Amino acid sequence: MKAARILRILVLAACVSSIGSTMASAAYYLQDGDIVVIDRRLHSTGFIGGPFEMDVISPANGASLVSFCLERYEYFTFDTPYEVTVDRYAARGGVDKGLLPPSDSDPKNGMDLLSDATGTLYQTYLQGGLLGQVEGWTGADGDLVALQIAFWLMEDESVPANDYTYETPGMSAKLIAWATANARSDHWARVANLWGPDGVAKQSQLTLVPEPASVGVWGCLAAIFGGAFYARRRRLSV
């Protein structure tokens, strides 16, 4: 009994330490109903795509996120508030695909599921993991343009030839090759679908959800305290 109690205390201490670490490094993750504005591009070229800085204005917590667009031929307006839904798919799926919005008769119309290659590449970029993994990657403006183009191509969007003039030559192909070879289904990437006040879907953006490990920490605590409560009840009932 004493050994079991000591073990439980040690595991609890490890969980508390993990929670402290998780909370200390926690970022804000978008949730359904949040209101956001996209205020600027994070590169200095004339390229139309991302990455973008996305600011959360409701709840007003000062959070800023880095996003990329998923559809080449859908658009948004800078500094305009949009409501967010967080999904595994891009609503409408891109104008050039000819997909229709979801309907009661066919709710899957227009649901363009996010590929694992795109999700893995986006998460790896945000975690700083492309340096040394993709030949020639430095994170310069031309590399960022290539990254946006890679997302479009992996999501089956058509890309006009002029877009390639802004990228580091050949970089989008290298990024796609790396992402295809390293794609994982357990990535944390999701789609932030943007909706205007009229309910019309705007250009969908990439975002992240919390890592599964942070959920496991709370499950660890629940197991410890749940087990302790059960043991106490058992002692009182005999």
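Every value quoted in this text rests on a predicted model; they were computed, and no experiment measured them.

1. Here's the deal with the packing of aromatic side chains
All chains considered together, the criterion is met by 10 aromatic pairs. When the ring of F47 is compared with that of W152, the centres are 5.7 Å apart and the planes differ by 55°; the resulting orientation is tilted. Here the residue F47 occupies a position in the loop between strand 1 (35-41) and strand 2 (52-58), and W152 occupies one in helix 3 (residues 141-154), the gap between them amounting to 105 residues. These aromatic residues form a ring-pair network of at least three members: F68, Y122, Y125, W137 and F151. Taking the ring centre of Y73 as reference, the NZ or CZ of R72 above it sits at 5.1 Å.

2. A short note on the pattern of salt bridges
Taken as a whole and judged by the stated rule, the model has 3 salt bridges. R40 is the salt-bridge partner of E53, the closest N and O atoms lying 3.4 Å from each other. With E53 in strand 2 and R40 in strand 1, this residue pair connects regions lying 13 residues apart in the sequence. With a closest N to O distance of 3.0 Å, R184 and D186 form a salt bridge.

3. As for the confidence of the model for the chain
On average, residues of the chain score 80 in pLDDT, and 70% of them are at 70 or above. Taken as a whole, residues 95-100 scores under 50 in pLDDT and shows 15 contacts with residues more than four places along the chain or in a different chain. Counted against residues more than four places away or in other chains, residues 214-238, with its pLDDT under 50, gives 17 contacts.

4. Re the side chain of D143
Among the secondary structure elements, D143 is positioned in helix 3. Polar contacts involving the side chain of D143 include one to the main-chain amide nitrogen of G139, which spans 3.0 Å. Setting aside chain neighbours within four positions, we find D143 in contact with G136, W137, T138, T168, M171 and L175.

5. Overview of the side chain of T120
You can see T120 is positioned in helix 2 (residues 116-126). A polar atom in the side chain of T120 sits 2.8 Å from the backbone oxygen of D116. Dropping the residues within four chain positions of it, T120 is found in contact with W178, N182, A183, R184 and H187.

6. Things to note about helix 2
With 8 of its 11 residues buried, helix 2 lies for the most part within the structure. All buried positions along helix 2 are accounted for by A117, T118, G119, T120, L121, Y122, Q123 and T124. The secondary structure elements touched by the buried residues of helix 2 are strand 3 (64-67), helix 3, helix 4 (171-182), strand 7 (189-195) and strand 8 (205-208). Of the residues flanking the end of helix 2, it is G128, one or two places downstream, whose phi is positive at about 75°.

7. Some words on the nonpolar core
Core analysis: the largest hydrophobic core is formed by 46 residues, its most contacted members being L30, L121, W137, F151 and L175. If you list the elements that add at least two residues to this core, you get strand 1, strand 2, strand 4 (82-87), helix 2, helix 3, helix 4, strand 7 and strand 8. In terms of residue count, helix 3 provides more of this core than any other element does, 9 residues in total. Leaving out residues up to four positions away in the same chain, W137 has contacts with Y125, L130, L131, D143, L144, L147, M171 and L175.

Cut-off values and rules
Residues numbered from 1 in each chain as written. Predicted model: local features only at pLDDT ≥ 70, side-chain atom pairs only at ≥ 80, totals over all residues. Heavy atoms only, no water. Phe/Tyr/Trp six-rings, centres within 6.5 Å; stacked < 30°, edge-to-face > 60°. Helix = DSSP H or I, 4+ residues; strand = E, 2+ residues; numbered from the N terminus. Lys NZ or Arg CZ within 6 Å of the ring centre and 35° of its normal. Salt bridge = Lys/Arg side-chain N within 4 Å of Asp/Glu carboxyl O. pLDDT = per-residue confidence, 0-100. Contact = heavy atoms within 4.5 Å. Polar contact = N/O pair within 3.5 Å; in protein donor to acceptor, adjacent residues only side chain to side chain. Buried < 20%, exposed > 50% of the residue type's maximum accessible area, 1.4 Å probe, protein only. Core = buried A, V, L, I, M, F, W, Y, C linked by side-chain atoms within 4.5 Å.

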